[in-house]
Amino acid sequence: MEGIIPLWKEKGMTSHDCVFKMRKILKTKKIGHSGTLDPDVEGVLPIAIGKATKVLEYMVNSKKTYEGEITLGYSTTTEDGSGETVLSKTVDDQLKLEDIDKAMDSFIGEIIQTPPMYSAVKVNGRRLYEYARAGETVDRPSRSVNIYNYERISNISYNSEESTASFAFKVSCSKGTYVRTLAVDTGEYLGYPSHMSKLTRTESGGYHSSDSFTLAQVKQAMDNSELEKIINPLESALTSFSAYHLNEEEWSRVKNGSLIPKNQVPENIKMPVVFYLKQKAVAIYSDHPNKLDLLKPVKVLRTEL
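Residues numbered from 1 in each chain as written. Predicted model: local features only at pLDDT ≥ 70, side-chain atom pairs only at ≥ 80, totals over all residues. Heavy atoms only, no water.

### A few points about the packing of helix H1 (residues 15-26) against helix H6 (residues 215-223)
Phase 1 of the analysis: Two elements in contact, H1 and H6, have axes whose closest approach is 10 Å; the angle formed by their N-to-C orientations is 15°. Viewed along their axes, H1 and H6 adopt a mutual orientation that is roughly parallel. Seen from above, H1 lies across H6 with right-handed handedness. Contact residues: Cys 18, Lys 21, Met 22, Ile 25 and Leu 26 in H1; Leu 215, Val 218, Lys 219 and Met 222 in H6.
Phase 2 of the analysis: A class-by-class count of the residues in the contact of H1 with H6 yields seven nonpolar, no polar and two charged. (Axes fitted to C-alpha atoms, helices over the stretch in contact; angles between N-to-C directions. Helix = DSSP H or I, 4+ residues; strand = E, 2+ residues; numbered from the N terminus. Parallel < 35°, antiparallel > 145°, perpendicular 65-115°, else oblique. Left-handed = near helix turned anticlockwise from the far one by under 90°. Contact = heavy atoms within 4.5 Å. Nonpolar A, V, L, I, M, F, W, Y, C, P; charged D, E, K, R; others polar.)

Shown next, in the form of structure tokens:
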């Protein structure tokens, strides 16, 4: 069994829980996921099975898209709705949509983020959330991330009882982006303490919410011997790469890890996925570190077909 199932992770489960349950459903151990989702967040979690686990690193590094909600008026210890209130400020009901849009536009591009204390980033061998739960503080390493698109997708909703205002958003971003922190920084730009009050991941690894299946649906497909209807080939995770198709003689060498002369590959192809028999990806090649006229395999996907 090999391939990728875009799983719809439901709220209340960790990504590890999903992998554990998928191993039981599919009766196989070689399974992994392409990027952690917080327990309170639902959304697309691509699951790789068998040889497809070899392409997990490329799915992890792919663009992610989320839809959620930002609430202005108070911030929390966790930067989302599960934490304790840190700061609060009554929201003026005269907020302008153009000011919100301007604030969001300012974050598009490469930005520097500092991960929240309630996150899984390790500092000195301990995860930040372990320090936070112990009431300890520690210097957090900042990192560069990319925001490809960030937009408001609803009008402002005011809550007169809580003196807050909320609006829905959509963001497409690189690996490692903390959407919670983005929500907090957006509120700060507008002059208000804020937090991320809702979040759903709608795209990951090239798979969308419309492509995804719940654990119950995966189990039903397995029980009915219809897994082929929901499992995607590992090649579906490599569509962003250029393709180079081998002839029979080239395949006989490549399957043994042979180098490929650069002049055999079109100049516009920089890091090709090498195919044989049209649809079967067998390896990913890249520049040789020492021999400038050659490409070397950086990931062997199949040695037999």
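We are not done yet, so read on.
### Thoughts on the packing of helix H3 (residues 97-105) against helix H5 (residues 179-190)
Phase 1 of the analysis: Relative orientation of the contacting elements H3 and H5 amounts to 130°, with a least axis distance of 9 Å. In this view, H3 runs oblique relative to H5, as classed from their interaxial angle. The chirality of how H3 crosses H5 is right-handed. Packed against H3, whose contacting residues are Asp 99, Ile 100, Lys 102, Ala 103 and Met 104, the element H5 presents Thr 186, Tyr 189 and Leu 190 at the interface.
Phase 2 of the analysis: When its residues are assigned to classes, the contact of H3 with H5 shows five nonpolar, one polar and two charged.

### Describing the packing of aromatic side chains
When we look at a pair of aromatic rings, we describe it by the centre distance and by the angle of the planes.
Phase 1 of the analysis: Enumeration according to the criterion identifies five aromatic pairs in this entry.
Phase 2 of the analysis: Seen in terms of ring centroids, Phe 107 and Tyr 150 are 6.4 Å apart; in terms of plane orientation they differ by 75°. Their pairing is edge-to-face. Of this pair, Phe 107 sits in the loop between H3 and strand E7 (109-113) while Tyr 150 sits in strand E10 (residues 143-152), and the two are 43 residues apart along the sequence.
Phase 3 of the analysis: Given a relative accessible area of 12%, Phe 107 falls into the buried group.
Phase 4 of the analysis: Through successive ring pairs, a cluster of aromatic residues spans Phe 107, Tyr 150, Phe 169 and Tyr 189.
Phase 5 of the analysis: Its end group placed over the ring of Tyr 192, Lys 89 keeps NZ or CZ at 4.8 Å from the ring centre. (Phe/Tyr/Trp six-rings, centres within 6.5 Å; stacked < 30°, edge-to-face > 60°. Buried < 20%, exposed > 50% of the residue type's maximum accessible area, 1.4 Å probe, protein only. Lys NZ or Arg CZ within 6 Å of the ring centre and 35° of its normal.)

The quantities given are spatial measurements derived from coordinates; they are silent on function.
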